[in-house]
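If you want the building blocks of each chain, they are given just below.
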Amino acid sequence: RDTRLLGFLSRYSLFAVPAAQTRIKALVLDFDSTLSTPTWLSRAQQWAVADNLPLFESMDEAEIIANLGGAARLATLHTLLGALEASGVVLHIVSIGRKAAIVPHLRAARLLPYFGERVWGQDCE
């Protein structure tokens, strides 16, 4: 379990906001070191970060899952993002990384539906 994500849920729970207060309508997240937990790829002698498109394109599914923190953290991300989405929060990614690198990794991890087309990187206009 990723205690930071669980801590976020407990501290900023959308379900704990009194009805009279304004609810959160949108959440903008970074990709590297927020959704992902960049890993060192020994085979490439580089950190896996989304501004390195050739490296991201070369990663297999196991490396992608590891770069998202592993299967348990990925399950927690699904729980968090699903709860936010169910609460009506529109999720976005704005990153210094490249959209062309981020989107395939989100797709491989089945996270892309939470964001749809709302992913922006340095390769966006």
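Up top is the structure these notes are about.
Residues numbered from 1 in each chain as written. Predicted model: local features only at pLDDT ≥ 70, side-chain atom pairs only at ≥ 80, totals over all residues. Heavy atoms only, no water.

Q: Explain a nonpolar patch on the surface to me, please; I cannot follow it from the model alone.
A: A grouping of Val28, Val94 and Trp120 is seen on the molecular surface, where their side chains present a nonpolar patch of about 280 Å² in accessible area. Tracing the backbone through its elements, the reader meets Val94 in strand E4 (residues 90–94). Its relative accessible area of 47% is what places Val94 among the partly exposed residues. (Patch = residues over 30% accessible without salt bridge, like charges linked within 9 Å, V, L, I, M, F, W, Y side chains within 5 Å. Areas by Shrake-Rupley, 256 points an atom, 1.4 Å probe, with all protein chains shown as cover. Salt bridge = Lys/Arg side-chain N within 4 Å of Asp/Glu carboxyl O. Helix = DSSP H or I, 4+ residues; strand = E, 2+ residues; numbered from the N terminus. Buried < 20%, exposed > 50% of the residue type's maximum accessible area, 1.4 Å probe, protein only.)

Q: I keep staring at the nonpolar core and nothing clicks. Help me out?
A: Taken as a class, soluble globular proteins show a tendency for nonpolar side chains to be buried jointly. Phe31, Leu81, Ile93, Leu106, Leu111 and Phe115 are the most contacted members of the largest nonpolar core, which totals 30 residues. Of all the elements in the fold, those that place two or more residues in this core are helix H2 (31–35), helix H3 (53–58), helix H4 (61–67), helix H5 (71–86), E4, helix H6 (99–108) and helix H7 (112–115). With five residues, H5 is the largest single contributor of residues to this core. Other than its neighbours up to four places away in sequence, Phe31 contacts Ser36, Ala50, Phe56, Leu68, Ile93, Ser95, Ile102, His105 and Leu106. (Core = buried A, V, L, I, M, F, W, Y, C linked by side-chain atoms within 4.5 Å. Contact = heavy atoms within 4.5 Å.)

Q: Help me out: how do you make sense of the packing of aromatic side chains in this one?
A: Remark: the centre distance and the inter-plane angle together describe each pair of aromatic rings, the angle taken between the planes. For the structure shown, the criterion picks out two aromatic pairs. Arranged with centres 6.3 Å apart and planes meeting at 70°, the rings of Phe31 and Phe56 form a pair that is edge-to-face. With Phe31 in helix H2 and Phe56 in helix H3, this residue pair connects regions lying 25 residues apart in the sequence. The pair Phe31 / Phe56 is uniform in exposure class, with both members buried. (Phe/Tyr/Trp six-rings, centres within 6.5 Å; stacked < 30°, edge-to-face > 60°.)

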